[in-house]
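Spelled out, the chains give:
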Amino acid sequence: MSKKIVIINGHPNPNSFNFGIAAAYQEGAKLSGAEVRKITIADLVFDPNLKFGYQKRMELEPDLLQAWKDIKWADHLVWVHPVWWGGLPAITKGFIDRLFLPGMAFSYRENSVFWDKLLKGKTARIITTLDQPGWYYWLFFGKPSVNQLKKSTLQFCGISPVKTTYLGIIKTSDKKQREKWLHKINSLGRNLA
């Protein structure tokens with residue numbers, strides 16, 4: 001049985017290097033026989049603002065319903081996004097806020113500090129682009145976007161393991177460096193990692 005992969009692209013600009021990264025991973029994964037679906041968050045029509053928190057339900061727009069079907073279908077989620085101000089782009093954070101909801105991604109237990117992780121059995125990889133070396137982001141800033149997505153979202157919902165690939169420094173990279181990164185990402189796809 002082939003592995004089912006969803007690539008979630010969180011960059012709002014279709015001309016960004018992140019789109020090349022997503023395509024390189026997809027190409028590699030397809031070469032290995034995986035079934036691949038893509039979610040390009042910027043193409044979805046939805047309100048990214050969780051207006052009422054968890055106090056009042058917001059109905060999910062059709063694009064979010066389809067994205068959730070794809071996420072539930074997948075064995076492996078590949079998140080591609082840039083780091084902006086140490087975190088995720090606003091549209092990506094809004095996607096998570098609106099979709100990773102109680103009763104869908106996790107469930108609080110009554111009168112308990114514990115919760116049920118409703119996305120167990122899935123794995124993930126985060127591929128993030130930076131305008132600094134990955135080691136610098138980790139050492140001096142504490143990798144806040146990775147902590148948020150990996151620990152506070154994906155692992156919180158039961159997705160494990162979650163691996164991370166840092167690509168940087170993007171702003172000073174040349175064509176040769178970017179091709180080297182794309183080759184690396186294509187290899188990750190071919191290895192279904």
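Residues numbered from 1 in each chain as written. Predicted model: local features only at pLDDT ≥ 70, side-chain atom pairs only at ≥ 80, totals over all residues. Heavy atoms only, no water.

(A) View of the overall build of the protein. From N to C terminus, the protein includes 6 helices and 7 strands. Relative to the globule expectation of 16 Å for 193 residues, the C-alpha radius of gyration of the protein, 17 Å, shows essentially globular dimensions. Taken along its principal axes, the extent of the C-alpha atoms in the protein is 55 × 40 × 30 Å. In the protein, which comprises 193 residues, the proportion classed as buried is 46%. At a minimum sequence separation of 6, the contacts of the protein that also span at least 24 residues come to 77%. Accessible surface for the protein amounts to roughly 10,200 Å². Of this, 53% is attributable to carbon and sulfur atoms. (Helix = DSSP H or I, 4+ residues; strand = E, 2+ residues; numbered from the N terminus. Rg over C-alpha atoms; globule rule 2.2 N^0.38 Å. Buried < 20%, exposed > 50% of the residue type's maximum accessible area, 1.4 Å probe, protein only. Contact = heavy atoms within 4.5 Å. Areas by Shrake-Rupley, 256 points an atom, 1.4 Å probe, with all protein chains shown as cover.)

(B) Spatial organisation of the packing of aromatic side chains. A complete count under the given rule lists 12 aromatic pairs for this structure. A centroid spacing of 6.3 Å and a plane angle of 65° characterise the contact between tryptophan 79 and phenylalanine 95, whose relative ring orientation is edge-to-face. Of the two residues, tryptophan 79 sits in strand E3 (residues 76–82) while phenylalanine 95 sits in helix H3 (residues 90–99), which places them 16 residues apart along the sequence. The pair tryptophan 79 / phenylalanine 95 is uniform in exposure class, with both members buried. Ring centres of tryptophan 79 and phenylalanine 100 lie 6.1 Å apart, and the angle between their planes is 55°; on these two criteria the pair is classed as tilted. With tryptophan 79 in strand E3 and phenylalanine 100 in the loop between H3 and strand E4 (106–108), this pair connects stretches of sequence that are 21 residues apart. Accessibility classification places tryptophan 79 together with phenylalanine 100 in one group, the buried group. Pairwise contacts between aromatic rings join Phe46, Trp68, Trp79, Phe95 and Phe100 into one cluster. Taking NZ or CZ as reference, lysine 56 lies 4.7 Å from the ring centre of phenylalanine 52, over its face. (Phe/Tyr/Trp six-rings, centres within 6.5 Å; stacked < 30°, edge-to-face > 60°. Lys NZ or Arg CZ within 6 Å of the ring centre and 35° of its normal.)

(C) Spotlight on H3. For H3, the full list of buried residues reads Thr92, Gly94, Phe95, Ile96, Arg98 and Leu99. In this structure, the buried residues of H3 make contact with strand E1 (4–9), strand E2 (35–40), helix H2 (62–73), E3 and helix H5 (144–155).

(D) View of the sheet that holds E1. Strand order in the open sheet made by the 5 strands is E2-E1-E3-E6-E7, with parallel pairing throughout. Of all strands in the sheet, those with a lone pairing partner are E2 and strand E7 (162–167), marking the two edges. Each strand of the sheet is rotated relative to its neighbour by a mean of 15°, with strand direction disregarded. Relative to strand E6 (residues 123–129), E3 is paired through 7 bridges, and the arrangement is parallel. Each residue of the ladder has a partner; that of valine 80, found in E6, is isoleucine 127. Relative to E1, helix H1 (residues 17–31) is tilted by about 175°, and along the sheet it contacts E1, E2, E3, E6 and E7. (Pairing = 2+ DSSP bridges. Axes fitted to C-alpha atoms, helices over the stretch in contact; angles between N-to-C directions.)

(E) Representation of a nonpolar patch on the surface in the model. Taken together, the side chains of Trp135, Tyr136, Trp138, Leu139, Phe140 and Phe141 define a hydrophobic patch exposed on the protein surface, amounting to about 730 Å² of accessible area. Among the structural elements, phenylalanine 141 can be located in helix H4 (residues 134–141). (Patch = residues over 30% accessible without salt bridge, like charges linked within 9 Å, V, L, I, M, F, W, Y side chains within 5 Å. Salt bridge = Lys/Arg side-chain N within 4 Å of Asp/Glu carboxyl O.)

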